[in-house]
Amino acid sequence: MTDRGAEEPSSRTVSSDGDGQEDRWSLHQRLAIRELVDTEVSYLHMLQLCASDIRSRLHQLPRRDLDVLFSNIDDIIKVNSRFLHDLQEAASKGEEQVHLIGNLFLEFREDLERVYKVYCASYNQALLLVETYQKEPELQQEIQEVIEAVRITKYPLLLQKILENTLPDASAYPVLQRATSALQDVNANINEYKRRKEVASKYNKVEQLTLRERLARINTHTLSKKTTRLSQLLKQEAGLVPRTEDKEFDDLEERFHWVSLCVTELKSNVAVYLDNLEAFLRFRPQDYDLDTPGGPVVQYCSLAGDLQLQAFPEFKQRLEGLVWQPLCNLARTLAGPQNLIKKRLDKLLDYERVEEKLLEAGSVTYEEEQARHTYQALNSLLVAELPQFNQLTMQWLGQILRTFVALQGDLAKQVLQRAESSMAQLPHHQVSEPAFRKLLEEALGQASNQLRSFQENFEKVLPPPTIHPLLPGAERQVQALLSRYGPGKLYQVTSNINGAGTMDLTLLRGQIVALLQNKDTRGNSSRWLVDTGGHRGYVPAGKLELYHVATLEEQPSRQVGSHDNSPRCLTPEPAPAPVSSVPAVTQVVAAYPFVARSSHEVSLQAGQLVLVLEAQDKKGNPEWSLVEVNGQRGYVPSGFLARAPSPAPWGWSLPS
């Protein structure tokens, strides 16, 4: 009895101590939950204050700074408002509140990560704003308050505090553990996303640098990196090292390039459309006096003037604002991802080289480790965001196309409304649309047949050959070409030709050449290979026409003073005799340019006065003449010289 009585107070004491400890845990747990709810209420109130009052007071800041500072704060307010409502409801459930709070955090995990990773990604840029506005303390203080409105990092600490005051054998303990771990993972994911965005912002800038500025940035370090990358690329092309395959990224990149091509093509087509519309608005046929007494023509001019003054200019203005400008903005947004994709290729080469070194040596330097992380960050960011970017771009592009179609429809309706009163006075206004379409097709078909018939008749009638006068002293050259190639191969130059290439000839108007081939080595039929009797080369085919050689039967019809009314063929008159027949020491004219090829020869320019000293060379060959030009003596081809032209027109035999 005595022992049992002594034990009873002892057991009551232990039981009393256990109940007291459990009460303390329960008290601290309730206080931690109360702290979570109260701080959440204060935080949401601060967010609403930033979004309304502070944002309105900072309206004088540039739009870009406001976007960086407030980011997606409205989305955060929506998510945290729903979270606070459910949190307060869970906190009022008594014994179940801890279990409900743990499940609540697990339920809101994805939403919290989605909104806070965007908000935290601009945190460093927001800090720069504090330094930018340091000369304005009031603005700086308000900006600082907005920057501090980040609560996601405090959730794991608050959950940990509740967990520490929850008995390990309680049913809510595992749920709180999972919730705490989940919120820690959320913060880790947000930090990783923030790091990726910082890497992307570094390489996302599209700088327009001059060649001098680019050269100024080249140093030993950049040359070494580029050389290493080129070496890695060449090894891959040669099959010496394997190439990293990323099917997921390759598919995304291919789709991005396809989307970019669609945007570029549409922008080009809309630009051409606007140019044609501008040209159409400049052409105003209704302003011309058509000298018509009235009727449909006058009615049409009035309608056309009304449309060009109001309907079409308004359509052009809306087209530029609702289609062209959004399309240009969309094209500019493509520059950032394009630059990131290019940078990813450079970083991939660095990554592959570091991986090879890591396998061989087992360790890498700090800089090489940073190169690995940079590639991983860029690749992860592109794989995560390119699908969304491609989807948004296609939606944007589709909206632009729908707007363009809607504008076209509005223009058609407006034109029909304005033309409704005028259409009654136009011919065929009572004809149904199918009948009018058939009538129009018949009229167009009839006009097309008339045009085709005229074309066929026009092609059957060949124009008379146009004969240009021969150059002085060219008879011997023509006879040589005629005897060698025949009359069907001789062509006459219709205008002066200045050769630009090494194989191109420089010819004068009226010169005779022989056709060797009616195309060049590339198969271009607009350049013909010809022979001048001394040189061969290419000339434009459009500046040659077939030379008409007069027969003996045609000679009487070319005599001056003939009054015969029969058809006559104008052919060049025989030019003056060549210089070889002129006496020594005679002043003549250079008919063609000549370039001296040795010290015994002298150069000539076409039209230059030349003094003939001897009409043959030392061996008695009349094809070369000794001349004096500008005080220099030397030999020139006799065929390149002609007597000075007489005042009377030469080279033509005109009917009297």
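Residues numbered from 1 in each chain as written. Predicted model: local features only at pLDDT ≥ 70, side-chain atom pairs only at ≥ 80, totals over all residues. Heavy atoms only, no water.

**Side note on the pairing of strand E7 (residues 609–614)**
Move 1: Taken together, the four bridges between strand E6 (residues 586–590) and E7 define a ladder with antiparallel strand orientation. From the neighbouring strand, Gln-587 faces E7, where its bridge partner is Leu-611.
Move 2: The pairing of E7 with strand E8 (residues 624–629) spans three bridges and is antiparallel. When the sheet's bridge partners are listed, Val-612 is paired in E8 with Val-627. (Pairing = 2+ DSSP bridges. Helix = DSSP H or I, 4+ residues; strand = E, 2+ residues; numbered from the N terminus.)

**Considerations on the packing of aromatic side chains**
Move 1: Scanning the entire structure with this criterion turns up twelve aromatic pairs.
Move 2: With a centroid separation of 5.0 Å and 65° between ring planes, the pair formed by Phe-83 and Phe-105 is classed as edge-to-face. Taken together, the residues Phe-83 in helix H3 (residues 73–91) and Phe-105 in helix H4 (residues 97–107) connect sequence positions 22 residues apart.
Move 3: Seen in terms of ring centroids, Phe-83 and Phe-108 are 5.3 Å apart; in terms of plane orientation they differ by 75°. Their pairing is edge-to-face. Highlighted residues: Phe-83 in helix H3 and Phe-108 in the loop between H4 and helix H5 (109–121), separated in sequence by 25 residues. (Phe/Tyr/Trp six-rings, centres within 6.5 Å; stacked < 30°, edge-to-face > 60°.)

**Examining the sheet that holds strand E4 (residues 536–540)**
Move 1: Pairing in this open sheet of five strands is antiparallel, and the strands run E4-E3-E2-E1-E5 from one edge to the other. Strands at the two margins of the open sheet, each flanked by one partner only, are E4 and strand E5 (544–546). Sheet twist, expressed as the mean angle between neighbouring strand axes with direction ignored, is 50°.
Move 2: Taken together, the three bridges between strand E1 (residues 490–493) and E5 define a ladder with antiparallel strand orientation. Each bridged residue has a counterpart across the sheet, and for Gln-492 the counterpart in E5 is Glu-545.
Move 3: Its contacts with the sheet place helix H17 (residues 475–485) against E1, strand E2 (512–517), strand E3 (527–531) and E4, and it is angled at close to 25° to E2. (Axes fitted to C-alpha atoms, helices over the stretch in contact; angles between N-to-C directions. Contact = heavy atoms within 4.5 Å.)

**A word on the pattern of salt bridges**
Move 1: In the structure shown here, the tally under the stated rule is 18 salt bridges.
Move 2: Residue Arg-484 pairs with Asp-531 through a salt bridge whose shortest N-O separation is 3.9 Å. Here Asp-531 lies in strand E3 and Arg-484 lies in helix H17, a separation of 47 residues in the sequence.
Move 3: Given the relative accessible area of 57%, Arg-484 is considered exposed.
Move 4: Members of the salt-bridge network, linked through shared partners, are Arg-82, Asp-111 and Arg-114. (Salt bridge = Lys/Arg side-chain N within 4 Å of Asp/Glu carboxyl O. Buried < 20%, exposed > 50% of the residue type's maximum accessible area, 1.4 Å probe, protein only.)

**Notes on the environment of Leu-386**
Move 1: When you line up the elements, Leu-386 lands in helix H15 (residues 366–423).
Move 2: Classification of Leu-386 as buried rests on a relative accessible area of 3%.
Move 3: Residues Leu-386 and Leu-252, 134 residues apart in the sequence, show an inter-C-alpha distance of 6.6 Å.
Move 4: Those residues in contact with Leu-386, other than ones at most four positions away along the chain, are Phe-249, Leu-252, Phe-256, Ile-341 and Leu-381.

**Examining unusual backbone geometry**
Move 1: In this model, Asn-630 sits at a positive phi of 50°, which is unusual for a non-glycine residue.
Move 2: You can see Asn-630 is positioned in the loop between E8 and strand E9 (632–637).
Move 3: Since its relative accessible area comes to 71%, Asn-630 is described here as exposed.

**So, the side chain of Lys-194**
Move 1: Relative to the assigned elements, Lys-194 resides in helix H9 (residues 173–203).
Move 2: Judged by its relative accessible area of 18%, Lys-194 falls in the buried class.

**Focus on the confidence of the model for the protein**
Move 1: Predicted confidence across the protein gives a mean pLDDT of 78, with 77% of residues reaching 70 or more.
Move 2: Confidence, read as mean pLDDT per element, is least for helix H10 (residues 211–216) in the protein (65) and greatest for E3 (91).
Move 3: Predicted confidence for residues 1–16 stays below pLDDT 50, and this span has zero contacts to residues more than four positions away or in other chains.
Move 4: Within the model, the stretch residues 551–584 combines pLDDT values under 50 with 62 contacts to residues more than four positions away or in other chains. (pLDDT = per-residue confidence, 0-100.)

**Side note on the nonpolar core**
Move 1: One finds Phe-105 and Ile-152 to be the most contacted residues of the largest nonpolar core, which totals 51 residues.
Move 2: For this core, the secondary-structure elements that each account for two or more residues are helix H1 (2–57), helix H2 (63–70), H3, H4, H5, helix H6 (123–132), helix H8 (155–164) and H9.
Move 3: When residues in this core are grouped by element, the largest group, ten residues, is from H1.
Move 4: In this view, Ile-152 contacts Leu-112, Tyr-116, Leu-183, Val-186, Asn-187 and Ile-190; residues no more than four positions away in its chain are not counted.
Move 5: Counting 34 residues, the second-largest nonpolar core is a separate cluster that includes Val-199, Phe-249, Leu-307 and Leu-411. (Core = buried A, V, L, I, M, F, W, Y, C linked by side-chain atoms within 4.5 Å.)

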